[in-house]
Every structure is written in structure tokens, then in C-alpha cells.
Amino acid sequence: MASDPVTSKPPSLASRVSNAVFWNTLFVPVRMVAEVVTNLLKLNILSPASFGLLALISNTNNGAGTAIDLGTSRALPKYIPETMQAGGTRAVLRLLTIVFAAQMALLLLFSGGLIVMSGPYLGFLQDQVTNDTRLDINAQAAALDFLTNHSALIIASVVVLLFLGVCYDMLMAYLASFFRQRAWNSIDLAARLLPPLLSAAALLAGWDILGVLLAMLIAPTLVVISGLWRVVALWREEDRVRPESARGPQDAVSLRAALPPGFIRYSGVSFLMTITDFVAGAGFAIFLAQDVSDVALLWAGTSLVRMALSYLYTPMVGVQVPLFTRVRAGEGGTVNGAYQSLVRLQVLLMVPGGVGLVLLTAPALKVLSPQYLAAAPIVWVLVPCLFLECLLTTAHNALIVHEKLGIIIVSRLLTLVVIVPMAIWLPPILGITGVALAFGSARVAAGFWATASGYRLLGLRWPWNFTLRVSLATGAMGAGLLLMRDWLPIPADDATIATRLWLGLWVLGVVVAGAALFAVVLRLTGGLDPQDRRQLEQTRLPLKRWLLRVL
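Residues numbered from 1 in each chain as written. Predicted model: local features only at pLDDT ≥ 70, side-chain atom pairs only at ≥ 80, totals over all residues. Heavy atoms only, no water.

Description of the overall build of the protein
Rules: Secondary structure elements are taken from DSSP: a helix is a run of H or I of four residues or more, a strand is a run of E of two residues or more, and numbering for both begins at the N terminus. Only heavy atoms enter the contact rule, under which two residues are in contact if any of them lie within 4.5 Å. In these tables, accessible area is a Shrake-Rupley quantity obtained with a 1.4 Å probe, and a residue counts as shielded only by the protein chains included in the view.
Looking only at helices and strands, one finds 23 helices and zero strands in the protein. For the protein, long-range pairs separated by at least 24 residues make up 82% of all intrachain contacts whose partners lie at least 6 apart in sequence. Just so you have it, the protein exposes about 24,400 Å², and 67% of that area is on carbon and sulfur atoms.

What follows is the structure, encoded as C-alpha cells:
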């Protein structure tokens, strides 16, 4: 008996984006809890010396990983769909193989250099501890003992983490290219949950910083295995639904022919972006700190800002570049329409979110760990810089998809032009807060240049009316938070982690009340734009009908 013909119509662009936003949003509460618990454990169980050392080791890996990446983690989400459409699954496999081989070659070179320079590197870490007069003598001794007895493990950890990072970035880029946000977020959630869970187990077993370092190795290994399984499943699915003629030629092709047109140029600009992102970021700034206590303070303040920014930005994860790419390919919509929709969603989340974080920074740090209360000025400086830079990045993504690479290069060089004098001038005046202000202001300067260029070259226009309505609602919310934060209970300095978690619910209650006040005032001032309301009606967001009534 003949089987019925099978037709597989690909989902529309709106459906793909809707599904991506849905799964991104669904994972927000779980990711938020994971971030809070992670920071609570690290700040209370580890000493500032151990916390600072782990930050330095981790960001050694991040800096080297930025160089080894060659800009491909930004380029692959754009070129994987294009390569799949043009050459099929075999062309994608060739592209990924070339990228992986190039990164492995660089990893071998870096590993050899790190082994040769291990003495000066470990000496730098020891100086950060011994020069710190604020450390408890026992914590200082424990940190120096760890550096002395586990030097080989530290070097090996950096190399292994770099290898796992290469694998992770390639796997996640593949999933993001096809809007597989459910798989992307589940893997990302595992990457956020496993380190604190394994670290907590190690700390409870009395392993201290050594146990956390081992957890940093085991957790990404498990995550990469999970990501590989998801990608293989997606690969088989894509290969199964495509006819043999769409899978690409089996004959060997030259290296030049295997790379999509423009890939090297695009990756080069992306590489400049990742390098400047690292230089104008906390990962590089902590190496400018005077001692390990300043490292711990900067990393604690930055972690709080990144925690808030990460789950506020979550609906946009893996959406912007593929969306602009498909709009450019003619799959629906206009560039300015996509830009304004993305900006309105970010304004709706980040303007009230940033104001709320600034007003609740001190209570939040008191709940997390009072010894890091001095990190509050760092948060107050970074929130306006990083939140504004995140909004400005939308135009940046549109420009790079349309290959306005000269503009991107200028914006990234502008980052370096701003950060160098600021990093020299501000730290002597403001201390570690000046370091934070230096890299934050450099990122904003680059973002303004990219947005102005997007206006000129792509016809992008900022949704000012909606921004005004959100700002009015945020002002009302801020006034309410100023009143409510005085009611928050303050934990004792020796409060247990369970007590701090309980008091954290009070802070969460104030956040919810502020969000409710924001929604009411936004509704009174006009609510969502009509086009956003229609788009929301077509999405699969949880509590969609309730959101429509409220907003």
C-alpha cells in the first residue's frame, strides 16, 4: 500500500520568533532563582580571597577564549541558516569542521604559551593575595596554600575550560540559528545550575576553593555532552526532512569554497567586537584591581548587574540576529518594524528593571552578604551604562546583519579610544568604582555611535512615544519602591543562608509590588502600542490574556 505523500511546510518567521520568545520567557523564573542561589552561595561560603581568585582564574579563561573564538560564535548564527539553505547539511558540516579545526590550532598554541608563562602568571595571582591588607589572615593563608599546592591543576583547568568553551559556543550557535530556544534555554539553565550545585556539594564536603574549581570543570563537561546530544538530534531531524538534492554535494571542495561568501570578513569584525567587549568589561577590568579584595568587590557588583540584566534580556536571547537575517532575506516584515518591536520589548523590561535595581541594590546586597555592601556604588554606576548599552545593541545587530562592517569597526575602535584614558584617569579618583565606570562608559559610547549610524543607513527610528509612557510609569514605580524599601527587614551579619533566602522573598515581594504599580500606570497612560498588542495576541506567551488585560 502506497504511503501518503508527506509535506513539510517550514514554520513562518512570526511563528519561529513567537516560539523563541515563548521558551525564552518560560525559563526566566528558573534562571532567576538559579542566579540568586548561585551568588548567595558564593558570597557567603567562599572568603573574599577565594572568590577573587576564582574570578581571576575564570576570566583568564574568558580572555583567552575570546581570542580563540575568532569571532565565529557571533558569525555562525547568521551563516549556518544561509549555508543550510544554499548547500544543505553537508555544507554546514564542512563549515563547522573548518571553524573547529582553526580554534583547536589556536588552543594548542595558547596552551603551550601558558605552560611556558605559568610562573609569572601564578606569581601575579600570589601578589594579588599577599598585597591585600584587608584579608583575614586565615583566608589569606588558605588562598596562598591553594596556589602553591595546586598550580598544575590551575593551568590544566584553564586549558580544559577553553576546550569546553569552544564546544559549547558552537553547539549553542547551531541551536540558536534554528530558533531552538527550548533546547537552548534548557542547556543554558543546566550551565547555570550545575556549577552552584556542584560547588555547594564540594564546599559542604570541606573542599573550599579546590572543590569549586573541580565543579567548574565537571559542570561544563556535562553541559557540553547534553548540548551535543541535542544538536545531533536536530541535525538528524533537519537531514531527514530535506530531500537528497538539498543536502549538498558529497564531493570534496576547497577550503575557500567551503566557507560562505563574506564569512571571513564577518568573523573578523565579530572578532573585533568580542575583543572590545572583553576589554570594555569586568573580565578585563578585574586585572586592573589593586588586590584580591577589590577583585571580589568588582566581581560581586558586576554579578548582581549581570544577573538582573540576563533575565530581563532573556526574551531576546538568540532572536535578534536570526530575525534581522530572515527579514533581510525577505521572509516578512521590515528592518525598522523589527527594530522597533525589539526595542519596545527591551524598553518595557529594562527601563523599570534598571531603576528598580538601583533603588534596591543596598537591600539586595545586605540580604546576599553584608561584607559586599561596598559593591553598591559599582552597581549604581554599571546599571545605567550596561542597561543603556543593551538597548543600543539592537541597532548594532541590524547593522552587522546588513554587513555595514565599516561602521561596526569604527564603533568598536571608539570603545578602545574611550576606555584607555578613562581607565587611567578614573581609578585614582574613584578607586574600583572608577574602573567600573571606565568600561561602562566606553560601551555606551560605542552603542550611541552604532545607533546613530543605524538611523542614517537603515532608516531605524526609536519608539519615543512608547519610551515616554514607560518612563512615566517607571517614575511612579520608583516613588513606590522608595517608600516600600524602608519596610524591608535587615538580616544580621551572622544570619544563615536559609534566613537570607527567606528575607530575599521580602525583597522579591517589593519587586512584585513595584512591577504591579508600573503596569497600572502604564495602562493608564496608554499601554502597549497597537502593533505590539496585535503581535502579543499571536504569541504563545504564558498568561497571554492576563497580560493583554493588564498592559
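More follows now that the structure is in view.
Digging into helix α17 (residues 405–425)
We apply this condition: For a helix, the expected span equals 1.5 Å multiplied by the number of residues minus one. Throughout this description, buried means an accessible area under 20% of the type-specific maximum (1.4 Å probe, protein chains only), exposed means over 50%, and partly exposed covers the range between.
In a regular helix each residue adds 1.5 Å, so 21 residues correspond to 30 Å; α17 covers 31 Å between its end C-alpha atoms and thus fits that length. Taken together, the buried positions of α17 are occupied by L405, I407, I408, S411, R412, T415, V418, I419 and M422. Tucked into the core, α17 has its buried residues touching α11 (263–279), α16 (376–401), α18 (427–430) and α19 (432–458).

Some points on the packing of aromatic side chains
The criterion, for reference: Each Phe, Tyr or Trp ring, with Trp reduced to its six-membered ring, pairs with another whose centre is within 6.5 Å; inter-plane angles below 30 degrees give stacked pairs, above 60 give edge-to-face pairs, and intermediate values give tilted ones.
Taken as a whole and judged by the stated rule, the model has six aromatic pairs. Ring geometry for Y79 versus F263: centroids 5.3 Å apart, planes at 80 degrees, classification edge-to-face. Taken together, the residues span a long stretch of sequence, with Y79 in helix α4 (residues 72–116) and F263 in helix α11 at a distance of 184 residues. Just as Y79 is buried, F263 falls in that class too. Judged by centre distance (6.1 Å) and plane angle (45 degrees), the rings of W462 and W464 are tilted.

With respect to helix α6 (residues 137–149)
Where we set the bar: In this context, the arc is that of the directions from the helix axis out to the C-beta atoms. Nitrogen and oxygen atoms within 3.5 Å of one another constitute a polar contact, given that in protein one can donate a hydrogen and the other can accept it, and given that sequence-neighbouring residues count only through two side-chain atoms.
Between its terminal C-alpha atoms α6 stretches 18 Å, which fits the 18 Å expected from 13 residues at 1.5 Å a residue. Every buried residue belonging to α6 is among A139, Q140, A143, F146 and L147, and all of these are buried. Angular distribution of buried residues about the axis of α6 spans 125 degrees; they occupy a single face of the element. Within α6, the exposed residues directed more than 90 degrees away from the buried face are I137, N138 and T148. The distance from a side-chain oxygen at the start of α6 to the backbone nitrogen of N138 is 2.9 Å, and the residue carrying that oxygen is D136.

Let's talk about the pattern of salt bridges
Stated formally: Salt bridges, as used here, are contacts in which a Lys or Arg side-chain nitrogen is within 4 Å of a carboxyl oxygen on Asp or Glu.
Counting across every chain of the model gives nine salt bridges. For D277, the salt bridge identified is with R412, shortest N-O distance 2.7 Å. Of this pair, D277 sits in helix α11 while R412 sits in helix α17, and the two are 135 residues apart along the sequence. In this structure D277 comes out as buried when scored by relative accessible area, which is 18%.

Some remarks on the nonpolar core
Quick reminder of the rule: Only buried residues count toward a nonpolar core, which is a set of Ala, Val, Leu, Ile, Met, Phe, Trp, Tyr and Cys residues joined through side-chain atoms within 4.5 Å.
Residues L76, L298 and F387 are the most contacted members of the largest nonpolar core, which totals 147 residues. When near neighbours in sequence (up to four residues on either side) are disregarded, F387 contacts V305, A308, L309, L312, M350, G353, G354, L357 and L382.

Re the environment of G354
Tracing the backbone through its elements, the reader meets G354 in helix α15 (residues 335–368). On the accessibility criterion, G354 (7% relative accessible area) is buried. The sequence separation of G354 and F387 amounts to 33 residues, and the corresponding C-alpha distance is 6.7 Å. If near-sequence neighbours (up to four positions away) are discounted, G354 is found in contact with V383 and F387.

Examining the side chain of H402
Considering the arrangement of structural elements, one finds H402 in the loop between α16 and α17. Only 3.0 Å separates the side chain of H402 from the backbone oxygen of A398, close enough to count as a polar contact. If near-sequence neighbours (up to four positions away) are discounted, H402 is found in contact with R328, V335 and L458.

Remarks on the packing of α15 against helix α21 (residues 497–524)
Operational definition: With axes taken as lines fitted to C-alpha atoms, and helix axes fitted only over the stretch in contact, angles between N-to-C directions fall between 0 and 180 degrees. Our angle categories are set so that under 35 degrees counts as roughly parallel, over 145 as roughly antiparallel, 65 to 115 as roughly perpendicular, and the remainder as oblique. What makes a crossing left-handed is the near helix being turned counterclockwise from the far one by less than a right angle; a clockwise turn instead makes it right-handed. In the scheme used here, Gly and all other residues not listed as nonpolar or charged are polar, with Ala, Val, Leu, Ile, Met, Phe, Trp, Tyr, Cys and Pro taken as nonpolar and Asp, Glu, Lys and Arg as charged.
α21 packs onto α15 with a crossing angle of 155 degrees between their chain directions and a minimal axis gap of 11 Å. For the element pair α15 / α21, the angle class is roughly antiparallel. Remark: the crossing between α15 and α21 carries right-handed chirality. Counting all contacts with α15, which are made through L348, P352, L360, K366, V367 and L368, the residues of α21 involved are R500, L503, G504, V507, V510, V511, F518 and L522. A per-class count over the contact of α15 with α21 returns eleven nonpolar, one polar and two charged.

Quick look at unusual backbone geometry
Within the chain, L70 stands out as a residue other than glycine whose phi angle is a positive 60 degrees. By the element assignment, L70 lies in the loop between α3 (48–69) and α4. Backbone geometry places E403, a non-glycine residue, at a positive phi of 60 degrees. One can find E403 in the loop between α16 and α17. A relative accessible area of 26% means that E403 is categorised as partly exposed.

Examining the side chain of S199
Following the sequence through the fold, S199 ends up in helix α8 (residues 181–204). Since its relative accessible area comes to 8%, S199 is described here as buried. Apart from residues no more than four positions distant in its own chain, S199 is found in contact with V212 and A215.

Describing the confidence of the model for the protein
Rules: A score between 0 and 100, pLDDT records how confident the predictor is in each residue.
Per-residue confidence for the protein gives a mean pLDDT of 82; residues scoring 70 or more make up 83%. Low pLDDT (under 50) marks residues 1–8, which in the prediction has one contact with non-local residues, meaning those over four places away or in another chain.

Examining the packing of α11 against α16
Where α11 meets α16, the closest approach of the two axes is 11 Å, and the angle between their N-to-C directions is 155 degrees. Looking at the two axes, α11 sits roughly antiparallel to α16. Two secondary-structure elements touch here, α11 through Y266, V269, S270 and M273 and α16 through H396, I400 and V401.

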